[in-house]
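Summary of structural features
What follows is each chain in one-letter form.
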Amino acid sequence: MLVLDGKIAAAAVKESLKIKTAQLAAEGKRKPHLAAILVGNNGASETYVASKVKNCEETGFASTLIRLADTIDEASLLSTIHELNTNPSIDGILVQLPLPKQISEQKVIEAIDPLKDVDGFHPINVGKLVQGLSTFIPATPYGIMLMLEHYQIETKGKHAIVIGRSNIVGRPMSILLSSNLKQGNCTVTICHSHTPNLKELCLQADIIVAALGRPGFVTADMVKPGAVIIDVGITRVDDSTAKKGFRIKGDVAYEEVAAKASAITPVPGGVGLMTIAGLLKNTMQAYEQRAHSL
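Computed from a prediction, not measured in an experiment: that's the story for all the values here.

Cut-off values and rules
Sequence positions are assigned chain by chain, starting from 1 and proceeding in written order. Residue-level local features of this predicted model are given only where pLDDT is at least 70; pairs of side-chain atoms are given and counted only at 80 or more, and the full residue set underlies all totals for whole chains, interfaces and linings. With hydrogens and water excluded, all non-hydrogen atoms of the structure serve as input to the side-chain values. A run of H or I in DSSP counts as a helix once it spans at least four residues, and a run of E counts as a strand once it spans at least two, with each numbered from the N terminus. This radius of gyration counts C-alpha atoms alone. The globule rule is 2.2 Å times how many residues there are, raised to the power 0.38. For every residue, the accessible area obtained with a 1.4 Å probe (protein chains only) is divided by the maximum for its type, and the residue is called buried under 20%, exposed over 50%, and partly exposed between those limits. A contact between two residues is defined here by any heavy atoms of the two lying within 4.5 Å. The Shrake-Rupley method, run with a 1.4 Å probe sphere, supplies the accessible areas, and residue values consider only the shown protein chains as cover. His is not counted, nor are the chain ends; Lys and Arg add positive charge and Asp and Glu add negative charge. Lysine's charge is taken at NZ, arginine's at CZ, aspartate's at CG and glutamate's at CD. Strand pairing follows a simple DSSP-based rule, namely that at least 2 bridges must link the two strands. Helix axes use the C-alpha atoms of the stretch in contact, all axes being lines fitted to C-alpha atoms, and the angles between their N-to-C directions lie in the range 0 to 180 degrees. By salt bridge we mean one thing: a side-chain nitrogen of Lys or Arg within 4 Å of a carboxyl oxygen of Asp or Glu. For each structure, a 1 Å grid was placed over the protein atoms alone; sets of points admitting a 1.4 Å probe that cannot get out are labelled cavities, open sets with protein on both sides within 12 Å along at least five of seven lines are labelled pockets, and lining residues have an atom within 4 Å of a point. Grid points are joined across faces, edges and corners, and a volume is the space filled by probe spheres set on the points. The span you would expect from a helix comes to 1.5 Å times its residue count less one. Throughout, the arc means the angular range of directions from the helix axis out to the C-beta atoms. Any pair of nitrogen or oxygen atoms within 3.5 Å is treated as a polar contact; in protein, a donor-acceptor pairing is required on top of that, and neighbouring residues in sequence qualify only through side-chain atoms on both sides.

**What about the overall build of the protein chain?**
- Secondary structure summary: the protein chain contains 10 helices and 11 strands in total.
- Over its C-alpha atoms the protein chain spans a radius of gyration of 19 Å, differing by no more than 12% from the 19 Å that the globule rule assigns to 294 residues.
- Dimensions of the protein chain, computed from C-alpha atoms along their principal axes, come out at roughly 55 × 40 × 35 Å.
- When the 294 residues of the protein chain are sorted by exposure, 49% land in the buried category.
- Put simply, 71% of the contacts in the protein chain that link residues at least 6 apart link residues at least 24 apart.
- When the accessible surface of the protein chain is split by element, carbon and sulfur atoms take 54% of a total near 14,000 Å².
- Computed over 30 positive and 28 negative side-chain charges, the separation of the two mean positions in the protein chain equals 3 Å.

This is how it looks when you write it as C-alpha cells:
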C-alpha cells in the first residue's frame, strides 16, 4: 500500500516554483504576488491563511494579508477587492471563505478579476474548466491532480467515484478526472446525499475521492481491494486525549481502508498540503499571464 504523502508531493511542486522565482529575480524581474483577504478571526481560516502566507515566503513569492473585521459591510469588502483588481503589483487574489452572513459569497467571488482569481471560483474560470480551456483550476482539485501526477497513479480507463458535489471540490474534480488529461480519462460517477446505492457504486470504483465532510464515512466494506483512495475531508473531532483537545479526521476510516487500498492519502498530511501547492501554481500562472500581456 502506497501512502500518498502530500508533504513530499507539495515539496516537489514548491521546489520547481522556487527555482522559477529565483530565475525571475536573477533577470531583475519582480516576484509573483498573492493577496489574501481574511474577514474576522475564524480559527480554521486563520490557520489556512497563515499557511498560505508561509508557503509564499518559502517559495519566494510576495504576499499581502489584509485583515478585515467580521462586522464589515459587503460594499466595503467589494471596494477592497476592486483596489486589488486594479493594483498592477498584485497577481493573485483570494478571499478566505466562509464569510460573515451579511456578505454574499457569490458576489465576492464574482467581484474578483477572473485573471487574478487564483482560487478558480469565478464563473468565467469555471466555464473555461468545463470547456477544457486553459484557466485557474480550483486549488484542491488541482492539488489532487498534481498528487496523482507526482505518484504516477494510472487513471486512464478507470472508474472514479466522487463523493460530494460542491463547486469547490466535487464538481471540478469530476470534470478533471473525466477530461482528456494525463491524469484524466476516467469514467466518473458523482455521488451525494441522495444517492441510494452508494456502497454498491463505491465497490465498483478503482478510485474514490471522498469530499463530503463526514469523518470516517468511507469504511472498508465500501472499498474494493486495490482501490486508490483520495481523502479530502478535514474535520475537527473533539478528543480529550489529544493535546489540543481535538483531532483532525478525514472522510475515510484510514486504518481499516488502508489495509485494502493500493494507495491512500493521510489526513492530515495529504490533500490539504496539495491544495496550497495548487494555489501557488495558479499564482505563478497568473503572474506569467499578466507579464506576457504587458
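**What to know about the sheet that holds strand β8 (residues 228-231)**
- Strand order in the open sheet formed by six strands is β1-β11-β8-β7-β5-β6, and the pairing between neighbours is parallel. Either end of the sheet is taken by a strand with one partner, and the two such strands are β1 (2-3) and β6 (187-191).
- For β8 and strand β11 (residues 263-264), the ladder comprises two bridges, and the chain directions are parallel. Each bridged residue has a counterpart across the sheet, and for Val 228 the counterpart in β11 is Ala 263.
- Sheet strands in contact with helix α7 (residues 170-178) are β5 (159-163), β6 and β7 (207-210), and its direction is about 170 degrees off that of β5.

**Quick notes on the environment of Lys 18**
- For Lys 18, the location among the structural elements is in helix α1 (residues 6-26).
- Among the residues examined, Lys 18 registers a relative accessible area of 42% and is labelled partly exposed.
- In the structure, Lys 18 is positioned 220 residues away from Asp 238 in sequence and 38 Å away in space, judged by C-alpha atoms.
- Beyond its immediate sequence surroundings of up to four residues, Lys 18 is in contact with Glu 58 and Thr 59.

**Notes on the pattern of salt bridges**
- In total, this model carries 11 salt bridges according to the counting rule given.
- Lys 29 serves as the salt-bridge partner of Glu 27, at 3.1 Å between the closest nitrogen and oxygen.
- Asp 206 serves as the salt-bridge partner of Lys 224, at 2.8 Å between the closest nitrogen and oxygen. Of the two residues, Lys 224 sits in the loop between β7 and β8 while Asp 206 sits in the loop between α8 (198-202) and β7, which places them 18 residues apart along the sequence.

**Comments concerning the environment of Lys 199**
- Relative to the assigned elements, Lys 199 resides in helix α8.
- Linking Lys 199 and Lys 281, residues 82 residues apart in sequence, is a C-alpha distance of 35 Å.
- Setting aside residues no more than four positions away along its own chain, Lys 199 makes contact with Asp 221 and Met 222.

**Things to note about the layout of surface pockets**
- Considering only enclosed or pocket space, the second largest pocket measures out at about 380 Å³ in volume.
- Taken together, 21 residues line the second largest pocket, and the ones lying closest to its centre are Leu 129, Ile 137, Met 145, Leu 176 and Leu 181.
- Those elements that provide at least two residues to the lining of the second largest pocket are α5 (123-130), α6 (139-150) and α7.

**Some thoughts on α1**
- Under the 1.5 Å per step criterion, the end-to-end length of α1 is 30 Å for 21 residues, consistent within 8% with the ideal 30 Å.
- Regarding α1, the residues found buried are Gly 6, Ala 9, Ala 10, Val 13, Lys 14, Leu 17, Thr 21 and Leu 24. Summarising the axial view, the buried residues of α1 lie within an arc of 125 degrees, below the 170-degree limit, and thus occupy one face. Exposed and oriented more than 90 degrees from the buried face of α1 are Ile 19 and Ala 26.
- Those residues of α1 that are buried are in contact with α2 (43-59), α6 and α10 (271-293).
- Its side-chain oxygen at 2.8 Å from the backbone nitrogen of Lys 7, Asp 5 defines the N-terminal cap of α1.
- After α1 finishes, the residue Gly 28 shows a positive phi value of roughly 80 degrees.

**Points about the pairing of β7**
- With burial as the criterion, each face of β7 is covered, one bearing Ile 207 and Val 209 and the other bearing Ile 208 and Ala 210.
- Sheet topology places β7 next to β8; four bridges connect them, and they run parallel. Of the residues in β8, the one forming a bridge with Ile 207 is Val 228.

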